[in-house]
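Structural characterization, general
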Amino acid sequence: MSFSAARAAYQRLYAGVPSSQYRNTGNIANTDQSASNTDMLLTHAAWNVKHVRAMEQPLLEAGRPLMAQAAHCIAQSAVALLQSRGIRLEQARIIAAIGGGNNGGDGLFAASELRTLGATVTLVCTSDAPHAQGLAAAQQAGCDCITLHTDQDIAQVLTTICDADVIIDALAGIGIKGSLRGVTGNLVQQLREAQYTAQHFPAVLAVDTPSGVGVDDGSCDGPILDATLTVACGVLKPCHLLPPAAYVCGDIIVADLDFDLTLSDPSVVHADLVAHWCMSPTRFDDSKYSRGVAGLVTGSVAYLGAALLSVRAASRAGVGMVRYCGPEHVRAMLLAQVPEAVLGSGTASAWVVGSGVPDSRHSQNSVGDEQQRQAIATLLQEYCALGQTDHEAQQSHTEQMPAEQLPVEPSYMAQPIRPMVIDAGALDLIDPHTQQLSHTIVTPHAAECARLLNTLQSQSSAQLTQVSVHDVLNHPVASALQLWQTTGATVLLKGAHTVIVGGPREQEPTIIVADNACSWMATAGSGDVLAGLTGAICASASEWIARHSTPEYRADAQYAVDFAHLMPILAAAGAHWHGFAGRLASGADRSHGVVYPPCNPQQPQPALHAWLRSTMRNTGKPIIASDIIERIPAAMQAAYQTA
Ligand SMILES: NC(=O)C1=CN([C@@H]2O[C@H](COP(=O)(O)OP(=O)(O)OC[C@H]3O[C@@H](n4cnc5c(N)ncnc54)[C@H](O)[C@@H]3O)[C@@H](O)[C@H]2O)[C@@H](O)CC1
Ligand SMILES: Nc1ncnc2c1ncn2[C@@H]1O[C@H](COP(=O)(O)OP(=O)(O)O)[C@@H](O)[C@H]1O
């Protein structure tokens with residue numbers, strides 16, 4: 001990802017204001033510090049395989065015993081895992097499943113250490129030529145060794161493996177090509193069946209990655225064992241953060257091998273690392289306009305609740321004003337519930353469109369609903385006209401709707417850039433031919449993403465293969481990247497882990513994962529809340545930047561590029577605080593994928609087993625979308641305090 005470019009852009013956009021002028025002095029001053037903080041990066045950023053190899057190289061050339069250090073962390077983690085389950089080392093039965101590469105080497109040295117500490121360790125090798133020194137060390141320590149060649153061999157050891165306390169999965173790591181094949185694939189396939197059906201199945205400790213995951217894209221296309229714990233060697237890889245692979249990593253410990261993290265930008269980052277960048281500070285001399293106005297064209301006669309939810313969420317998220325445009329009937333209801341909302345067309349610092357507006361398939365041809373769709377279509381066209389220098393093009397775009405019916409005052413569409421969140425029923429109004437959406441965030445769930453990709457591609461090119469919901473769920477990053485490429489919009493692909501892809505199309509994409517939601521948040525209206533919240537974050541940021549950047553900078557092409565870099569960060573903040581607010585409302589702990597502080601091979605972590613013991617996590621209580629809204633202020637307050 002263009003992490004450095006995004007950070008530089010953020011700094012330029014937020015530059016130039018003396019800290020004495022705003023109250024929350026933390027956020028800008030701490031940005032560099034928190035981003036360069038090694039532990040924060042080790043637990044919140046991931047690097048592609050080619051970057052990992054480049055980081056390993058200088059250390060290997062300097063003679064650093066990386067494999068021995070990684071193996072020590074793996075062995076210590078296995079000890080902690082056993083302790084957390086109340087199993088004494090001398091009684092522990094460990095299976096080390098060993099492949100033919102260095103990943104197997106890590107597993108063999110870890111097996112050797114565990115055997116020396118007193119555990120019973122059996123090596124199950126799927127290669128005739130496992131790491132030679134590792135094998136020698138493990139056998140010398142007293143590990144038994146079985147090599148598998150055929151399905152019959154697998155059948156003979158299956159019960160022994162399933163009866164063990166821990167399986168160390170060291171079959172393949174970052175050197176994997178495709179999904180698991182041959183005897184390795186068959187072994188994992190059979191173990192996976194047992195993992196899903198047997199009453200007892202061992203805890204699984206994955207070495208570096210659960211064998212079989214797509215390391216760089218987080219795909220899970222073949223057989224893979226669900227890990228209880230994954231020890232990532234050196235740094236996190238994208239598969240540790242990206243769905244669906246992140247769902248099979250269990251909890252994660254990074255074995256800190258002293259990689260130089262400055263050698264390359266991370267490929268994927270966690271939303272926690274960047275969300276606080278765009279917390280616009282409050283100023284003592286703020287007015288309701290300077291804090292940002294969120295404009296919403298949401299809800300419809302058919303889906304009235306979405307208007308209420310999106311407006312209520314936006315008005316809880318720190319803006320100075322919320323403006324609502326929509327059918328008469330909806331406005332009346334809204335006013336009764338949110339008297340703070342201002343009704344009717346006017347100016348806004350950012351727009352949210354489409355939540356609860358029927359798409360073309362569900363539109364009942366009610367006058368109000370059609371008006372909503374037309375207003376959004378016009379707003380989108382206005383946006384595109386922004387990117388054009390030709391005044392006539394701008395004129396022709398606004399001709400479609402009488403000015404008094406436009407939700408936005410046309411003059412206000414001029415610079416500075418105003419971001420827009422395009423949700424639900426507005427997604428099918430996007431026209432990839434005419435629209436430059438680099439300052440918008442589209443927020444599809446998997447089904448909407450598949451539909452949108454199919455529509456946009458059928459309109460634009462020779463692409464013929466239909467994308468299914470299943471395709472998007474299995475390859476969310478690839479799908480989001482495709483949507484970003486096609487539209488130029490920042491893509492916020494909703495799910496248990498929400499994936500954000502964005503940034504200027506000519507550059508490396510910025511890829512961010514927000515994973516702090518809890519599954520109680522999969523509830524009707526939750527997405528409307530997210531849209532309102534994200535729009536409000538955009539409004540505050542946009543107003544702050546507009547007020548603190550010079551007119552010369554705003555007229556500069558660099559400003560538009562910088563803003564495009566900021567869009568995925570704004571989207572990440574929305575998803576991150578949405579998840580946080582939902583978890584506060586539910587009381588749920590993070591269910592899985594907790595990344596623990598890095599494990600330094602020189603100083604093994606005594607507290608690790610205590611953390612692991614907390615696998616009995618609070619699953620929280622059921623919530624409704626309104627509960628998320630109530631906790632938005634608390635989530636934002638916590639974020640301000642820790643920034
Ligand atoms: N270079 C080093 O000294 C370090 C290496 N480390 C470990 O080394 C690993 C990378 O090692 P390698 O590059 O040797 O690669 P791996 O060991 O990850 O993978 C290569 C092995 O997997 C098999 N394999 C590949 N694709 C397969 C498929 N689709 N189905 C079945 N088998 C398949 C290959 O035949 C080979 O045996 C890392 O993941 C990490 O565990 C870490 O310990 C850090 C230090
Ligand atoms: N299993 C899950 N765990 C956590 N969050 C989830 C899960 N499934 C969905 N979500 C979140 O819930 C929200 C649902 O949005 P959406 O499907 O648009 O709902 P609606 O249209 O009813 O408002 C999204 O923010 C999504 O990321």
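Reference entry: report on the structure contained in this document. Bear in mind the structure is a predicted one, so any value in this text is a computation, not a measurement.

1. Considerations on the overall build of the protein chain
What the protein chain contains, in helices and strands, is 23 helices and 18 strands. Burial statistics for the protein chain: of 643 residues in total, 58% are counted as buried. Sequence-distant contacts, at least 24 apart, represent 76% of the contacts inside the protein chain between residues at least 6 apart. Of the roughly 24600 Å² of accessible surface on the protein chain, a fraction of 51% belongs to carbon and sulfur atoms.

2. Considerations on the sheet that holds strand E16 (residues 490–493)
On the basis of which strands lie adjacent, the open sheet formed by eleven strands has the order E1-E9-E18-E17-E16-E15-E14-E13-E10-E11-E12 and mixed pairing. In the strand order of this sheet, the two ends are held by strand E1 (45–46) and strand E12 (342–343), each with one partner. In the packing of helix H12 (residues 304–315) onto the sheet, the strands contacted are strand E10 (293–297) and strand E11 (321–324), and the crossing angle to E11 comes to about 160°.

3. Remarks on the packing of helix H6 (residues 102–116) against helix H7 (residues 132–141)
Packed helices, taken two at a time, are described by their axes: the angle between them and the distance between them. Following both chains from N to C, one finds H6 and H7 inclined at 15°, their axes separated by 8 Å at the closest point. Between H6 and H7, the angle is such that the two are roughly parallel. For the crossing formed where H6 meets H7, the hand is left-handed. On H7, the residues that touch Leu108, Phe109, Ser112, Arg115 and Thr116 of H6 are Gln133, Gly134, Leu135, Ala137, Ala138 and Ala141. For the contact of H6 with H7, a count of residues per class yields six nonpolar, four polar and one charged.

4. A closer look at the site of ligand 2
Lining the immediate environment of ligand 2, one finds 17 residues, of which Lys494, Gly495, Cys518, Gly525 and Gly527 sit closest. A distance of 3.3 Å separates an oxygen atom of ligand 2 from a polar atom in the side chain of threonine 498. Within the contact set of ligand 2, an oxygen atom lies 2.7 Å away from a backbone nitrogen or oxygen of glycine 525. Within the complex, the protein chains bury 75% of what would otherwise be the 580 Å² of accessible surface of ligand 2.

5. Comments concerning the packing of helix H8 (residues 151–163) against helix H9 (residues 182–197)
Relative to each other, H8 and H9 sit at 40°, their axes nearing to 10 Å. Our classification of the angle between H8 and H9 gives oblique. Considering how the two elements wind past one another, H8 and H9 form a crossing that is right-handed. Of the residues in H9, those in contact with Asp151, Ile154, Leu158, Ile161 and Cys162 of H8 are Val183, Asn186, Leu187, Gln190, Leu191 and Ala194. Here the contact of H8 with H9 is built from residues that sort into eight nonpolar, two polar and one charged.

6. Quick look at the sheet that holds strand E2 (residues 93–98)
Across the sheet, which stays open at both edges, the seven strands sit in the order E4-E3-E2-E5-E6-E7-E8 with parallel pairing between neighbours. Here the strands that pair on one side only, and so sit at the sheet edges, are strand E4 (144–147) and strand E8 (251–255). The sheet shows a mean angle of 20° between the axes of neighbouring strands, direction not considered. Of the strands in this sheet, E2, strand E3 (120–125), E4 and strand E5 (166–170) touch H8, which is tilted by about 140° from E2.

7. Brief notes about the site of ligand 1
Neighbouring residues of ligand 1: 22 residues in total, closest Asn102, Asp106, Gly173, Lys177 and Asp208. Between arginine 181 and ligand 1, the recorded distance is 2.9 Å, taken from a backbone N or O atom to a nitrogen atom. Contacts to ligand 1 include aspartate 208, whose side-chain N or O atom sits 2.6 Å from an oxygen atom. For ligand 1, whose free accessible area comes to 870 Å², the fraction covered by protein is 82%. Elements that contribute at least two residues to the shell around ligand 1 include exactly helix H4 (49–61), helix H5 (66–84) and H6. Here the residues of the shell around ligand 1 sort into eight nonpolar, eight polar and six charged.

8. Quick look at the environment of leucine 114
Assignment of secondary structure puts leucine 114 in helix H6. Exposure remark for leucine 114: the relative accessible area of 0% places this residue in the buried category. For leucine 114 and cysteine 143, which are 29 residues apart along the polypeptide, the C-alpha to C-alpha distance reads 9.4 Å. Ignoring anything within four residues of it in the chain, the contact list for leucine 114 reads Ala75, Ala78, Val79, Leu89, Ile94, Ala119, Val121 and Ile168.

9. Considerations on the packing of aromatic side chains
By the definition in use, this model includes six aromatic pairs. Ring geometry for tyrosine 10 and tyrosine 14: centres 5.0 Å apart, planes at 35°, overall tilted. In this structure tyrosine 14 comes out as buried when scored by relative accessible area, which is 2%. Through successive ring pairs, a cluster of aromatic residues spans Phe3, Tyr10, Tyr14, Trp277 and Trp544.

10. Some details on the side chain of threonine 534
Relative to the helices and strands, threonine 534 is located in helix H19 (residues 526–548). Of note is the side chain of threonine 534, whose polar atom sits 2.7 Å from the backbone oxygen of leucine 530. Once residues lying within four places of it in the same chain are set aside, the contact partners of threonine 534 are Val421, Ile441, Leu570, Ala571 and Gly574.

11. Structural notes on the pattern of salt bridges
One pass over the structure, following the stated rule, counts twelve salt bridges. Arginine 93 is paired through a salt bridge with aspartate 165; the nearest N and O atoms lie 3.4 Å apart. Residue arginine 93 is located in strand E2, and its partner aspartate 165 is located in the loop between H8 and E5; the two are separated by 72 residues in the primary sequence. A salt bridge links glutamate 630 to arginine 312; the shortest N-O distance between them is 3.2 Å. Taken as a pair, glutamate 630 in helix H23 (residues 625–642) and arginine 312 in helix H12 lie far apart in primary sequence, 318 residues in all. According to the relative accessible area criterion, glutamate 630 is partly exposed, its value standing at 42%. Look at the salt bridges and you will find they share partners, linking Arg418, Glu543 and Arg547 into a network.

12. Considerations on the nonpolar core
Taken as a class, soluble globular proteins show a tendency for nonpolar side chains to be buried jointly. Counting residues in each nonpolar core, the largest one holds 208 residues, and the members touching the most others are Leu123 and Ile422. A total of 13 residues in this core trace back to one element, the largest contributor, which is helix H21 (residues 557–586). Both of domain 1 (49–263) and domain 2 (274–582) provide at least three residues apiece to this core. Ignoring any residue separated from it by four or fewer positions in sequence, one finds isoleucine 422 in contact with Val353, Leu380, Leu427, Ile430, Leu437, Thr440, Ile441, Val442 and Thr443.

Thresholds applied
- Residues numbered from 1 in each chain as written.
- Chains lettered and ligands numbered in written order.
- Predicted model: local features only at pLDDT ≥ 70, side-chain atom pairs only at ≥ 80, totals over all residues.
- Heavy atoms only, no water.
- Helix = DSSP H or I, 4+ residues; strand = E, 2+ residues; numbered from the N terminus.
- Buried < 20%, exposed > 50% of the residue type's maximum accessible area, 1.4 Å probe, protein only.
- Contact = heavy atoms within 4.5 Å.
- Areas by Shrake-Rupley, 256 points an atom, 1.4 Å probe, with all protein chains shown as cover.
- Pairing = 2+ DSSP bridges.
- Axes fitted to C-alpha atoms, helices over the stretch in contact; angles between N-to-C directions.
- Parallel < 35°, antiparallel > 145°, perpendicular 65-115°, else oblique.
- Left-handed = near helix turned anticlockwise from the far one by under 90°.
- Nonpolar A, V, L, I, M, F, W, Y, C, P; charged D, E, K, R; others polar.
- Near = heavy atom within 4 Å.
- Polar contact = N/O pair within 3.5 Å; in protein donor to acceptor, adjacent residues only side chain to side chain.
- Phe/Tyr/Trp six-rings, centres within 6.5 Å; stacked < 30°, edge-to-face > 60°.
- Salt bridge = Lys/Arg side-chain N within 4 Å of Asp/Glu carboxyl O.
- Core = buried A, V, L, I, M, F, W, Y, C linked by side-chain atoms within 4.5 Å.
- Domains from an automatic or database assignment.

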